[in-house]
Each structure stands twice: as structure tokens, then as C-alpha cells.
Amino acid sequence: MVEKMKYIKNDLILKNPLSFWANFPESERFFWFDPQKEEFVIGAERLRAVDPDKDNLSDIPYLFHSQTFFDDVKGERWKNFGGETIAFKHYFVANKKTSYYLTCDPPKNISEIPLTKIKHQISEKASDFSDWEELFQAISQNFTDGKSKKIVASRELEFLSQSPFELESILQNLLENNPNAFIFAYQKEQRIFLGASPEILVQKNGNQLLSYALAGTFPKTMENAGEKLLTDPKNLLEHEIVVQKIKKNLLEKAESVKVGQTGLMELKNVYHLRTLLTAKSSKSSLIDWGKHLHPTPALGGEPRHEALTFLRKHEKHERGLYAAPLGLIDNEGNGTLIVGIRSALINEQKLYAYAGCGIIPSSDALEEFNETKVKLKTILEAL
Ligand SMILES: C=C(O[C@H]1C=CC=C(C(=O)O)[C@@H]1O)C(=O)O
């Protein structure tokens, strides 16, 4: 029998919500900014990991949920990191109307901590273009063999910083540079996974569901990039595979599904093709929907099983939380799971940045490599 938890609400006004995060430097903690609600939710100090299928969660104001990209993690880099649903002892919530501190412990004295922006001096480990070409060759062979029609290949780049990473400075830059993205960070002991994701895997509000098909990219440096993207056959095909798969998966469990019009999503450095899918479902939980939809062909490939088997065998790095579902759930079971893209894992003075892109038979290795470089800017411009 799990003890009933009561959270006490305290008024707390902070000039910068990141101050709350900065008050718990040694703790396990979670940072979340939702650009739709313009709301920050920060959790600090683990209360416990919960079992969403069994526990009564109505007394816990928020849960941080994450799934790893694959069900299991093999190496040290991602070991014991993510793949849990966690309740924290302390939460700070701030939106346009209100801000407060929720705690089930004696309240901490939270102080305003001035944030200093720093520019990190980083160096990159050797280029991985030959690895990329090798992976691309294997994907082409997979297509020729008729095994799959889309595979989302990714890169992991290792950087070394001359000084310890200033997390608040990085998060502040992510917030300022990416107003349309969900900004997230999760820290457990010395590892931190953070990023600015534009992609909602599934959002639940009562019986209403929303999912983004987000796939197809042009860099903004291209002339008339947005206009061209909307009529580019390769990107439209890459996109349509995602729309059809999310629609099919929603229809398997939802009462009704609507597919919106395909349009553009504009980010700092790229345009994406985006289609909103909405559905009605009164049965499954947000986490169940996350498990059912993950990975869409925007992150894995099509058919799903074949793409995953391929990626397990051929990608040299482990994905961990990269491209995996993660997000925030409230005490009514509503919330948002995004996918952990435009992201990086920090471990002491090392940073591993991740970026991937959808490959179909008409894709070109160098163009796709360059696309990952543009996507990596989300992280690199924040350092
Ligand atoms: C897999 C990533 O992006 C996905 C999301 C949007 C556009 C994508 C694309 O055009 O390939 C990818 O499917 C990533 O950023 O690592």
C-alpha cells in the first residue's frame, strides 16, 4: 500500500524559472517548457518511480515519463537512465497567469539565482562521414532487397568542452532560440539529457488526442525553402509515410481520427512538413498511446519492425533517449509526450549530440548528411 502524498502549494515568484532548477544542482531533476501553454514545470528530488498501471496517481501533481528508443539499453552511456515514470518531491509551475511551488516535503528556501550566459569552448571528435556513407550503403541495400521503404538514420557526435557545462546557460539559449519547441532536460547524477523538440508524439486532453506527423526538411538557407518543400516529391513521400502510419495506429484504438492539411513548421534553421492528426479516445492512457505510436516512421522507419531490426544492427551508437518518447503527465492523466530529438546527452565535460533524418530510395547520402548538420545546430548554437 503506497502512502498517500499531499502536496502543499506555496506562492513563489521567480524572475527566471530556471532559478528553481538551479536551486537543486545535485538532485535528480526535470525541466519542461511547453510552448503551447507557455508554461514551465520543473521537478526536483525523486519521490519515487511509479507504476502508472497500478498506482493511484491522483495525488501527484505531475509525472515525468520517458521510454528509451529501444526497449533495452546495452552499453554504459545510457545505462540506468530513462525508461521510468517519476514523481518528484518539489515542483515549480509558472505560466502567464500564475507561478507556485508544490511540495510534499518541508519547503526549501528557494532563492533567485542570477544566470550567467557562457560560450563553451568545444572541440569535435573526428568526422563520421565515412560511417554515414557505410550506413547509407546498407540502407540502400535494404531498399534494393525490398525489405523496407523508409529508414531514419541517425548520428551521434562527441564533443569535449574545456570547462564544465553551464546547464542554465544552455537551457536559456534553447528557450530563446526555439520558441516553437518543447524545451526539456532530465538530470540523474552526473548525466543530463536535454534538447528542444518540435515534435509531439501524442498529447492527451480528456478524450482528445493530438499527434504530429513531422517529416520532410529543407534548410532555411535555401532560397524559397518553405514554398519548395511543400511541393518537393521526395519530402512529400517521406512525410506521407508518416501520416499514413500514425493514422493507421490511431485508428487501431481510437473512436475517430481526423487528418489535417499538410503545412509548414518553421524553426530557427529549418522548415519541416507537418500534418496534425487528431483523434477521440476514451480508453487508453497517454503512456499507452505513447507505446502504441512509438516509433513513428519519422524516427524509426517503415515497416517498423524491419527498420528497428536494421537500426539495431547497423547504427554504431545506442539511441538511449534520443528520438524516444518523453514528457509530462498531470494528475488527471493529461499531458504531452514529445520525441527526444534536437537533443544531447551531457556527461561531465563530454557532450553527445544526436541528429537523424528519414531516408527513402531517392535520398542522397551527402544531402542527408548536410541535413543532420543543420538539425545539430539546435544544440550547437545553445552551447
Ligand atoms: C529524426 C529527426 O528528425 C525527424 C523530425 C523531423 C524531420 C525529419 C526529417 O525530415 O527527416 C525527421 O523525421 C532528428 O531531428 O533527429
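Reading guide: rules and limits
- Residues numbered from 1 in each chain as written.
- Predicted model: local features only at pLDDT ≥ 70, side-chain atom pairs only at ≥ 80, totals over all residues.
- Heavy atoms only, no water.
- UniProt positions renumbered as here; feature names shortened; annotations may be inferred.
- Core = buried A, V, L, I, M, F, W, Y, C linked by side-chain atoms within 4.5 Å.
- Buried < 20%, exposed > 50% of the residue type's maximum accessible area, 1.4 Å probe, protein only.
- Near = heavy atom within 4 Å.
- Polar contact = N/O pair within 3.5 Å; in protein donor to acceptor, adjacent residues only side chain to side chain.
- Areas by Shrake-Rupley, 256 points an atom, 1.4 Å probe, with all protein chains shown as cover.
- Nonpolar A, V, L, I, M, F, W, Y, C, P; charged D, E, K, R; others polar.
- Helix = DSSP H or I, 4+ residues; strand = E, 2+ residues; numbered from the N terminus.
- Pairing = 2+ DSSP bridges.

Looking at an unreviewed UniProt entry, one finds the protein named isochorismate synthase, with Lactococcus lactis subsp. cremoris as its source organism. Quoted verbatim from the Sequence similarities (unreviewed entry) heading of the UniProt record, the comment on the protein is "Belongs to the isochorismate synthase family." Under the Catalytic activity (unreviewed entry) heading, UniProt states for the protein: "chorismate = isochorismate".

Some thoughts on the nonpolar core
If you look at soluble globular proteins, the nonpolar side chains tend to sit buried side by side. In this structure, Trp32, Tyr91 and Leu250 are the most contacted members of the largest nonpolar core, which totals 84 residues. Among the nonpolar cores identified, the runner-up in size contains 38 residues, and Trp21, Tyr101, Ala344 and Ala382 belong to it.

Side note on the site of the ligand
Near the ligand there are 19 residues, and of these Thr217, Ala298, Tyr322, Arg342 and Gly356 occur at the shortest range. A distance of 2.9 Å separates an oxygen atom of the ligand from a polar atom in the backbone of Gly216. Between the ligand and Lys375, the relevant distance is 3.2 Å, taken from an oxygen atom to a side-chain nitrogen or oxygen of the residue. For the ligand, whose unbound accessible area comes to 390 Å², protein coverage reaches 100%. The class makeup of the residues in the shell around the ligand is nine nonpolar, five polar and five charged.

Regarding the UniProt feature "domain: Chorismate-utilising enzyme C-terminal" (unreviewed entry) in the protein
The UniProt feature table records "domain: Chorismate-utilising enzyme C-terminal" (unreviewed entry) at residues 130-375. Counting secondary structure, residues 130-375 comes out at 33% helix and 37% strand; the distance between its end C-alpha atoms is 19 Å.

Considering the pairing of strand E9 (residues 182-188)
The buried count for E9 comes to seven of seven residues, which makes it a mostly enclosed element. Where burial is concerned, the two faces of E9 agree: the one with Phe182, Phe184, Tyr186 and Lys188 and the one with Ile183, Ala185 and Gln187 are both buried. Two elements, strand E2 (residues 29-34) and E9, share five bridges in a ladder whose sense is antiparallel. Bridged to Arg29 within E9 is Gln187. Of the strand pairs in this sheet, E9 and strand E10 (residues 191-197) are connected by seven bridges, and their pairing is antiparallel. Counted as the bridge partner of Phe182 is Ser197 from E10.

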